[in-house]
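Chain by chain, the residues:
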Amino acid sequence: MNTFIQLMISGIAIGLIYALAALGVVIVYKATKVLNLAPGGLLLIAAYLAWMFLVQFEFPVPLAIIAAIAASAIIGWIVERVTLRPLIGQPILASIILTDMIWFFFRGSTFLFWGGNPRMFPAWLAGRPTVLIGKIGVPEIMIWCIIISILTIIALMAYFKFTRSGLAMRVTAEDVIVAENLGIKITRVFSNTWIICLLLFLITAYFVGAMQGISQDLDFIGVYGVIVALLGGLESFPGAIIAGLVIGIVQSMVGGYLAGVLGGGIAETAPFIVMFFMSFWRPYGFLGLERIERI
Amino acid sequence: MKGRPCGVFDVRYSQDRAILRTKTHWALFILFLIFLFTIPIFLKGHLLSLGIIIGTTMIAMFGAQVMVGYTMQITLGHAGFVGFGAYVSALLTHHLGWNFFFALPMAGLGAALYGLIIGTSTVRCKGLYMVIPTISAHFIFFYLVNEVFKKWTFGSEGIQCATPVLFGFAFNTDFRYFYLVAILTVIMGLAAKNLVRTKTGRAFVAIRDNDIAAEVMGIDIYRYKLLAFAIGNFYAGIGGALWAHYVTYINTEFFPILDTVYYVAFLIVGGLGSIMGAVFAAIFWRVLGEGVNYVAPILDNIMAGTGGNIVSSMGLITFAVVTMLFLIFEPRGIAHRWELFKQSYRLHPFNY
């Protein structure tokens, strides 16, 4: 039973990380109708930027975090401005491949600037102890991860609900032409979505980096982020969160109980097997919009 | 009618249907074949092996073109399918002692079968969401090789692939292997070119353009989507098997997720929806990769001590930037430029 709860908590923590990455994909898809396959690369660059300010430049902690936020926001803005804006109105395949290439570009950049050696966050972040809740040992970082993820999701919801730019984003997601007629500056909305997307990846990157260390393998989390977004339904925030939790828990449970029987790789593969069968049952994801098509 | 040379008029249907319509076409085609079969005499070592790799990539690329360019079933698992073919052939020759030339078609059929299993998801899944089953196919392939069939595939240790032997004649040098690859590439290329002109090919194009309209017109879209998966992956399997028996040693590291993206990305760079596009795509990809491999160590020497890792970053960055530039400035690919060139050549003295 203790193992079960332990696996459950780590599953929820991993699942929320996936959910945050997936939210980045969902936000971009809702506003710009571009399937963002770049989270791998964006997550990597966010993680390395966070590491650079914290460890390489040895900024004081609050300043390092603010600097990382600013740098990620700038990268999000540049990505939208330079690569995606010329592709508005192009076929979907072009934008998919373009976002893929953004992934490769940033993966390459991290190799170029920081090399292939794994990096570690400082001890106050990466070396947190395991705390005991009752008799169950839980890494403290996972508890923080769960708390901060939930707070981030609440903050995001509040942003969409209560601010003007959040409202503009919701209108744009509903209908671009209506939004334009209402005097909303579409291009600014697009930039905002990419900036928010990058900030979500930055939060993800802090926690993933603290749990697993920073290396180029982190982009795997990004691949899961895309898959989770697709599984939850590309148009749905709750869907992404549910799907993230499902995938995280499945992965953690399968890794905990079945790895001995089915081999160590099953933990990484189980989400994909689930996903493959899910594409028969609910091809539009859990809560995705089922399109009614006409000729 | 696009692409008709000046002053050439068809008087029979057979002329209208022919792939090689004029005497110039025939002459160029024969010249091309002569060029293809004499070039290995002049090429040395490295370039010859580049040629072989271009050939095997091209075969797999034809498959990607059938799936993505003609039927618009977005596939992000092509490297997995290529690897599947490679492993089928490797296992058959290694454990059962089959001749490569029997294992090769089986590799194609095995990959096609795997593609069919994955393709069953097209019954409800379409458009963007096809990313899910195909990318799953890639990772399930990894799992199958590294865990489930570890006893036979030796997991990550990799497996040896025997050199092909036909009637006692071993294709054990680059020079000999080049001819094998060249002949197969030409045959597979012509087959693909022909396929897309048949009823099946027209059905594929109809599904690509609008699958609901295609269904209304009486095309069994599920059947044809499955067929596209089977054919595309047959090509992938053949390409993979040929490649595997050239490098003679494979493990799953050779089929990374990056490659599946490159297959689709360079297809767009080459040009979607034409067999020439696949040809350009394969050549462009491999030549660019070779150029990067050549330049990266030099740059690494010049910029030594900056702490970065240029050798592993150059390829990614170059490929990404080149593909982005193509997507932004020439989304219709090299094949489109090629068509424009042919057009202006045919009409040469005039503008139209």
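Residues numbered from 1 in each chain as written. Chains lettered and ligands numbered in written order. Predicted model: local features only at pLDDT ≥ 70, side-chain atom pairs only at ≥ 80, totals over all residues.

Each helix and strand counted, chain A has 13 helices and two strands in total. For 295 residues, the compact-globule estimate of 2.2 N^0.38 gives 19 Å, and chain A sits close to it at 19 Å. Projecting the C-alpha coordinates of chain A onto the three principal axes gives extents of approximately 60 × 50 × 35 Å. The buried share of chain A, taken over its 295 residues, is 50%. Restricting the contact set of chain A to residue pairs at least 6 apart, pairs at least 24 apart contribute 75%. (Helix = DSSP H or I, 4+ residues; strand = E, 2+ residues; numbered from the N terminus. Rg over C-alpha atoms; globule rule 2.2 N^0.38 Å. Buried ≥ 20, exposed ≤ 12 C-beta atoms within 10 Å, placed from the backbone. Contact = placed C-beta atoms within 7 Å.)

Let us now look at the overall build of chain B. Summing up its helical and strand segments, chain B has 15 helices and four strands in all. Over its C-alpha atoms, taken along the principal directions, chain B stretches across nearly 60 × 50 × 50 Å. Burial status across chain B gives 46% buried among its 352 residues.

Quick look at the interface of chain B and chain A now. At the interface, 42 residues of chain B touch 39 residues of chain A. For the side of chain B that touches chain A, the secondary-structure elements that each account for two or more residues are helix 6 (131–148), helix 10 (211–216), helix 12 (257–270) and helix 14 (310–329) of chain B. Considering each element in turn, the side of chain B that touches chain A owes the most residues, 12 residues, to helix 14 of chain B. Grouping the constituent residues of the side of chain B that touches chain A by class yields 30 nonpolar, 10 polar and two charged. (Nonpolar A, V, L, I, M, F, W, Y, C, P; charged D, E, K, R; others polar.)

This paragraph deals with helix 4 (residues 92–114) of chain A. All names here are of chain A. Between its first and last C-alpha, helix 4 extends 33 Å over 23 residues, near the 33 Å set by a 1.5 Å rise per residue. Where burial is concerned, most of helix 4 is hidden: 18 out of the 23 residues are buried. In the stretch just after helix 4, G115 is the one whose phi turns positive, near 70°. (Expected span 1.5 Å × (residues − 1).)

Bringing the confidence of the model for chain B into the picture now. Per-residue pLDDT for chain B averages 84, and the proportion of residues at 70 or more is 96%. The complex model carries a pTM of 0.88, and its ipTM stands at 0.85. (pLDDT = per-residue confidence, 0-100.)

Our next topic: the packing of helix 2 (residues 39–56) of chain A against helix 10 (residues 219–232) of chain A. Residues and elements named next belong to chain A. It is at 7 Å that the axes of helix 2 and helix 10 come closest, and there the two elements cross at 140°. The angle between the axes of helix 2 and helix 10 places the two elements in the oblique class. Classified by chirality, the crossing of helix 10 by helix 2 is right-handed. Each of P39, G40, G41, L43 and L44 in helix 2 lies in contact with helix 10, whose residues at this interface are D219, I221, G222, V223, G225 and V226. (Axes fitted to C-alpha atoms, helices over the stretch in contact; angles between N-to-C directions. Parallel < 35°, antiparallel > 145°, perpendicular 65-115°, else oblique. Left-handed = near helix turned anticlockwise from the far one by under 90°.)

What follows concerns helix 7 (residues 164–174) of chain A. All names here are of chain A. Every buried residue of helix 7 is listed here: A168, M169, T172 and A173. Down the axis of helix 7, the buried side of the element spans an arc of 140°, and every buried residue falls inside it. Of the exposed residues in helix 7, the ones pointing more than 90 degrees away from its buried face are R164 and E174. (Arc of directions from axis to C-beta.)

What follows is about the confidence of the model for chain A. Chain-level pLDDT for chain A is 85 on average; 99% of the residues reach the 70-or-more range. Mean pLDDT values over the elements of chain A span from 73, in helix 12 (residues 259–262) of chain A, up to 89, in helix 3 (residues 61–84) of chain A.

Now for the pairing of strand 1 (residues 130–133) of chain A. Residues and elements named next belong to chain A. Bridging between strand 1 and strand 2 (residues 136–139) involves four bridges; their strand directions are antiparallel. From the neighbouring strand, V131 faces strand 2, where its bridge partner is V138. Linkage of strand 1 to strand 2, two consecutive antiparallel strands, is achieved through a turn of two residues, within which G134 is found at a positive phi near 65°. (Pairing = 2+ DSSP bridges.)

All names here are of chain B. For the pair helix 3 (residues 45–70) and helix 8 (residues 174–195), interaxial distance at closest approach is 9 Å and the crossing angle is 20°. In terms of their interaxial angle, helix 3 and helix 8 are classed as roughly parallel. Of the two possible hands of crossing, helix 3 and helix 8 adopt the one that is left-handed. On helix 8, the residues that touch L48, S49, G51, I52, G55, T56, M58, I59, F62 and V66 of helix 3 are D174, F175, Y177, F178, V181, A182, L184, T185, M188, G189 and A192. Its residues placed into classes, the contact of helix 3 with helix 8 shows 14 nonpolar, six polar and one charged.

I17, A22, A46, A47, A50 and V228 of chain A together with L267 of chain B are the most contacted members of the largest nonpolar core, which has 207 residues in total. Among the elements that line this core, the one with the most residues is helix 1 (residues 2–32) of chain A, at 18 residues. Setting aside its immediate chain neighbours within four residues, A50 of chain A contacts A68, L202, A205, Y206 and G209 of chain A. (Core = buried A, V, L, I, M, F, W, Y, C linked by C-beta atoms within 7 Å.)

Residues and elements named next belong to chain A. Tracing the backbone through its elements, the reader meets V228 in helix 10. Among the residues examined, V228 registers 33 C-beta atoms within 10 Å and is labelled buried. Distance in space between the C-alpha atoms of V228 and A94 is 22 Å, their sequence separation being 134 residues. Sequence-distant contacts of V228, defined by excluding residues within four places in its chain, comprise Y18, A19, A22, A240, A243, G244 and I247.

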